[in-house]
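These are the residues of each chain, in order.
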Amino acid sequence: MFLFFRNLLLFLLFSGIFYVFGTALIGIFAPRLTKNLNYRIGTGGNLYTRIRDADTVKNVDVMVLGSSHAYRSFDPRLFKKHRLSMFNLGSSAQSYLQTKVMVNRYIDQFNPKLILLEVYAGLLNTDGVESSVDFIANSPIDNDIIKMAFEVNHIKTYNTLIYGLFRQALKLDRGYKEPKTKSNGDVYIPGGFVQTYETINEKELLSFEEENIYRIKSKQAAAFLAIIQELKDRQIPYLLIQTPILSSRFRSYTNVTEIDSFYKQYGPYINLNHELTLPPSSYYDSHHLNQHGVDTMNAYLFKTYGAFIEALIANGNQ
Amino acid sequence: MLFNSTDFLIFLPIVFILYWFVFNKSLKAQNILLLISSYYFYSCWDWRFLFLLAFSTVLDFYSGLAIFRSSTIKQRKFWLLLSVIINLGFLGFFKYYNFFAESFAQFLGALGLEAHPATLSIILPVGISFYTFHGLSYVFDIYNRKIEPTTNFVQYSLFVSFFPLLVAGPIERATHLLPQVEKPRKFNYAMATDGLRQMLWGFVKKVVIADNCAEYANLIFNNSAEYSGSTLVLGALFFTFQIYGDFSGYTDIAIGTAKLLGINLLRNFAFPYFSRDIAEFWRRWHISLSSWFRDYLYIPLGGSKGGNWMRIRNTFIIFLVSGFWHGANWTFIFWGGLNALFMVPLVWFKTNRKNIETVAQGRLLPNITELLQMALTFGLTVFAWIFFRAESLRHAFQYVGDIFSNNLLSRPEVLSYSMLITIGLITTFIIVEWMGREDKYAIEKIGILWPRPLRWSFYALIILTIGLYMHTEETPFIYFQF
């Protein structure tokens, strides 16, 4: 029996080491041959550039957090016209588990007067895997990212983390430079925003007749509450906001009221989908605005809520 | 609790440590521990059905004793019938009530009569078909005087509900498992490591092969009307490997788990896709069920005795019943019938026991004849699986019809990079299975004589393969629904 346990422990140790080096080797020599290792540096969302850009910025008026809805909606150039400096820390499919990482990493450095937390309802139902591998590949891996990977608790995240740590230790991404303009028409704008003039294709314009439901994963809800608590503890004013999605898509969801009620409990909340119906020409796809939509939305935001935003900055959430 | 879940990864080591370190001095304590663990394991699905399991256990335990103590044949028959009727009654109610109610209404509808049968929203208790058959085999064996009943209720309960086999078999026999439960068990290093090896291969089958194949099989079967014939063939092939990986993977994990606890379970699979005829396939696929039907249905019906027509009748009976055992759907019955039909020439010409030995025994490769025989048998099996997987008979026939009417030779529409990776995994899997086809499971002896670092590297490579290629959603085993 002793022999069994001794050998089992030795084997587990051996296979653990084998796993780490095996994953690293596969990642280096045949990354496309795997299903559960997804190290994609410089992919859509420009997180690589955004992080490097953010590291050079200090003291902003407004810090934006959230998913692609955030970085495709809030344009720092338009905020500047209203005499507000802003940095957009949104990233693709960023769930609240990853938003926590952003908060921990940048809140002291940015020292924001207001946080705009983009709260697309779909984020409550994501497992956070897509964004976790985006963070691992495009951001320096620190303790917060390792902690986030364990919270996501997914084999794809673990494998990518192992490989990412390997690349970081060997400085394999040292010479990488992400292009500012992507082949799909995306242009990175300093301050974290991604600009596009592309318009939604006809296929996506098809009506969304199915009845969709937003669901809430307890893990994401807990991470959201932790973020809110952190902001409250630090007495930083915040505004929860849902940016517009294609109206036919929005109408396909049957429990919007429930989601609105959920968010309203935790602070000032605006769902622009109820207030702003934009034509399809304002959309990049059924989820995201293009620059025409961004211009309209930001103008509407400042016209309707400009005074409220100023009051929030001046007086906080009280 | 699924074998491929984190819960099981915690549950099994706890049971293992308590079993060998805390309760190892007393057989009774070990058995009680396993019994409690088994009931806990089962309750993770639905604790309410524990009562059904307990009732079935009590019924068969006392029926067995009553049969044994009966002094007249009439009394023996009475107790046997009581056990059979109640056991099959529960099985019939939970598994087949709605099927019969709906089929009856459809039949009346076909006659022009309208009927609205009272269907019930019945939850099927996990593993009911399996533990019912455990219990029945016990009372049958006592009735047939093959065994004497045990007087130890804990031991009998453990025989019925031992957690590795409780929900999807192998369907054990009292003659095989009860003696092991009754005897003190000593930790056996070779048996335990063999168990771990078999579990490892079972996980590969389940999470790498079956679950990845399921993704494509589901996609194609659920939207079959939209696809070309070549894609539909691909869908049937994916399901063929899905069901094998899923069920034999489950079995390997079950047998491996039992070995860790010092118990040997019956073999359930013996590389069925390397069979040279359908009879051989059925000697290698779900062996514990096939042999159950052989012993308790086929042989009592007369078995191979009598003329050709008699043997063909018996063959159809066991295959139709076996199909129906799988589920309350005409697709399963048709699947059973189809397999019986494939058996007809073999039964008629008495060649059904021609291929007993493993194919290409002692050789690396099969000869041309063996290869053609295997290809034909595999093709028939794939064809039959279409009926097993389809939602309804109409869907199955539509699926088969579309294979031949929609661009059979065109490039499959669903072919993608990740699908090619899955096909690569299946190919590697087939090669490893072929290499180990003369053993109890594919990697039983592969590398066993290699130096330790090399051998461990081989197992670590398998773990790495699981980590890099496993399907990432926990998927229940197919046979849990039966």
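Residues numbered from 1 in each chain as written. Chains lettered and ligands numbered in written order. Predicted model: local features only at pLDDT ≥ 70, side-chain atom pairs only at ≥ 80, totals over all residues.

Engineer: Would you mind showing me how to read the overall build of chain B here?
Structural biologist: When helices and strands are tallied, chain B shows 18 helices and 0 strands. What you see for chain B is a C-alpha radius of gyration of 23 Å, in line with the 23 Å of a compact globule of 482 residues. Viewed in the frame of its principal axes, chain B has a C-alpha envelope of about 70 × 65 × 45 Å. Taking as baseline every contact in chain B between residues at least 6 positions apart, the subset at least 24 positions apart corresponds to 72%. (Helix = DSSP H or I, 4+ residues; strand = E, 2+ residues; numbered from the N terminus. Rg over C-alpha atoms; globule rule 2.2 N^0.38 Å. Contact = placed C-beta atoms within 7 Å.)

Engineer: Looking at this structure, how should I read the domain arrangement of chain B?
Structural biologist: For interface size, the figure often reported is the accessible area lost on association. All names here are of chain B. Along its sequence, chain B is carved into domain 1 (6-186) and domain 2 (190-276 + 355-481). Distance from the C-alpha centre of domain 1 to the C-alpha centre of domain 2: 29 Å. Breaking the side of domain 1 that touches domain 2 down by element, the ones donating at least two residues are helix 1 (6-22), helix 7 (163-166) and helix 8 (174-182). With 3 residues, helix 1 is the single largest residue contributor to the side of domain 1 that touches domain 2. (Domains from an automatic or database assignment.)

Engineer: Looking at this model, I keep getting lost on the sheet that holds strand 6 (residues 238-242) of chain A. Mind explaining?
Structural biologist: Sheet strands line up and pair through hydrogen bonds in the backbone, either parallel or antiparallel. Residue and element names in this part refer to chain A. Here 5 strands make up an open sheet; going across it, the order is 2-1-3-6-7 and the pairing parallel. Strands at the two margins of the open sheet, each flanked by one partner only, are strand 2 (86-88) and strand 7 (269-271). For this sheet, the mean inter-axis angle between neighbouring strands, taken without regard to orientation, is 20 degrees. Inspection of the sheet shows strand 1 (residues 62-65) paired to strand 2 by 3 bridges, in the parallel sense. In the sheet register, Val62 faces strand 2, and the bridge partner there is Met86. (Pairing = 2+ DSSP bridges. Axes fitted to C-alpha atoms, helices over the stretch in contact; angles between N-to-C directions.)

Engineer: Please explain the interface of chain A and chain B as it appears in this structure.
Structural biologist: Taken together, the contact between chain A and chain B spans 19 residues of the former and 17 residues of the latter. Within the residue set of the side of chain A that touches chain B, elements represented by two or more residues are helix 1 (2-29) and helix 8 (155-169) of chain A. It is helix 1 of chain A that contributes the most residues to the side of chain A that touches chain B, 9 residues altogether.

Engineer: For this particular structure, what's the right way to read the packing of helix 1 of chain B against helix 2 (residues 27-46) of chain B?
Structural biologist: Packed helices, taken two at a time, are described by the angle between their axes plus the distance between the axes. Residues and elements named next belong to chain B. For the pair helix 1 and helix 2, interaxial distance at closest approach is 10 Å and the crossing angle is 170 degrees. It follows that helix 1 is roughly antiparallel to helix 2 by the angle criterion. Contacts from Asp7, Val15, Leu18 and Tyr19 of helix 1 reach helix 2 at Gln30, Leu33, Ser37 and Cys44. For the contact of helix 1 with helix 2, the per-class residue count stands at 5 nonpolar, 2 polar and 1 charged. (Parallel < 35°, antiparallel > 145°, perpendicular 65-115°, else oblique. Nonpolar A, V, L, I, M, F, W, Y, C, P; charged D, E, K, R; others polar.)

Engineer: I keep staring at helix 8 of chain B and nothing clicks. Help me out?
Structural biologist: Each α-helix winds once per 3.6 residues, and so residues spaced three or four apart point in a common direction. All names here are of chain B. Within helix 8, burial applies to Ala174, Leu177, Leu178 and Val181. Along the axis of helix 8, the buried residues cluster in a sector spanning 100 degrees; they form a single face. Close packing links the buried residues of helix 8 with helix 2, helix 5 (128-143) and helix 6 (153-161). (Buried ≥ 20, exposed ≤ 12 C-beta atoms within 10 Å, placed from the backbone. Arc of directions from axis to C-beta.)

Engineer: Explain the pairing of strand 3 (residues 114-118) of chain A here, please?
Structural biologist: Residues and elements named next belong to chain A. Most of strand 3 sits out of view: 5 of its 5 residues are buried. Side-chain alternation along strand 3 places Leu114, Leu116 and Glu118 on one buried face and Ile115 and Leu117 on a second face that is also buried. The pairing of strand 1 with strand 3 spans 4 bridges and is classified as parallel. Counterpart to Leu65 in the pairing with strand 3 is Leu117. Both strand 3 and strand 6 contribute to a ladder of 4 bridges, which runs parallel. Pairing of Leu117 across the sheet is with Leu240, part of strand 6.

Engineer: Is there a simple way to explain the UniProt feature "transmembrane region" (unreviewed entry) in chain B in this structure?
Structural biologist: All names here are of chain B. With numbering matched to this structure, UniProt assigns "transmembrane region" (unreviewed entry) to residues 7-27, 47-67, 79-98, 118-141, 370-388, 414-435 and 456-472. Its end C-alpha atoms 31 Å apart, residues 47-67 is made of 86% helix and 0% strand. Annotated as 100% helix and 0% strand, the span residues 370-388 places its first and last C-alpha atoms 27 Å apart. (UniProt positions renumbered as here; feature names shortened; annotations may be inferred.)

Engineer: Sorry if this is basic, but what is going on with the nonpolar core here?
Structural biologist: The nonpolar side chains of soluble globular proteins are, as a tendency, buried together. Core analysis: the largest hydrophobic core is formed by 181 residues, its most contacted members being Met63, Val64 and Leu116 of chain A together with Phe159 of chain B. Each of domain 1 (6-186) and domain 2 (190-276 + 355-481) of chain B gives at least three residues to this core. With residues up to four places along the chain from it excluded, the contact list for Leu116 of chain A reads Val62, Val64, Phe74, Leu239 and Ile241 of chain A. Counting residues in hydrophobic clusters, the runner-up holds 9 residues, among them Leu278, Tyr283, Leu289 and Val294 of chain A. (Core = buried A, V, L, I, M, F, W, Y, C linked by C-beta atoms within 7 Å.)

Engineer: Whenever I open this one, the environment of Asn153 of chain A confuses me. Can you help?
Structural biologist: Positionally, Asn153 of chain A belongs in the loop between helix 7 (143-152) and helix 8. As a C-alpha pair, Asn153 of chain A and Asp127 of chain A span 26 residues in sequence and 9.2 Å in three-dimensional space.

Engineer: What exactly am I supposed to notice about unusual backbone geometry here?
Structural biologist: Trans peptide bonds make up most of the peptide bonds, and negative phi angles are found at most residues other than glycine. Located in the positive-phi region is Lys171 of chain A, a residue other than glycine, with phi close to 55 degrees. Assignment of secondary structure puts Lys171 of chain A in the loop between helix 8 and strand 4 (187-189). Looking at Lys171 of chain A, the number of C-beta atoms within 10 Å reads 8, which means it is exposed. A positive phi angle is found at Arg145 of chain B, which is not glycine, with a value near 60 degrees. Judged by the 10 C-beta atoms lying within 10 Å of it, Arg145 of chain B is exposed.

Engineer: Just to check I follow, could you spell out the pairing of strand 6 of chain A for this structure?
Structural biologist: Working note: regular strand, side chains alternate between the two faces of the sheet. Residue and element names in this part refer to chain A. For strand 6, the tally of buried residues reaches 5 of 5 residues, placing the bulk of the element in the interior. Where strand 6 lies against strand 7, 3 bridges are found, and the strand directions are parallel. Note that in strand 7 the partner of Ile241 across the bridge is Ile270.

Engineer: What exactly am I supposed to notice about the confidence of the model for chain B here?
Structural biologist: Detailed reading of predicted coordinates is not advised where the pLDDT is low. Residue and element names in this part refer to chain B. Predicted confidence across chain B gives a mean pLDDT of 91, with 98% of residues reaching 70 or more. Here helix 4 (residues 73-110) stands out as the least confident element of chain B, with mean pLDDT 85; helix 15 (residues 368-389) is the most confident, with 97. Across the interfaces of the predicted complex, the ipTM metric reaches 0.86, alongside a pTM of 0.88. (pLDDT = per-residue confidence, 0-100.)

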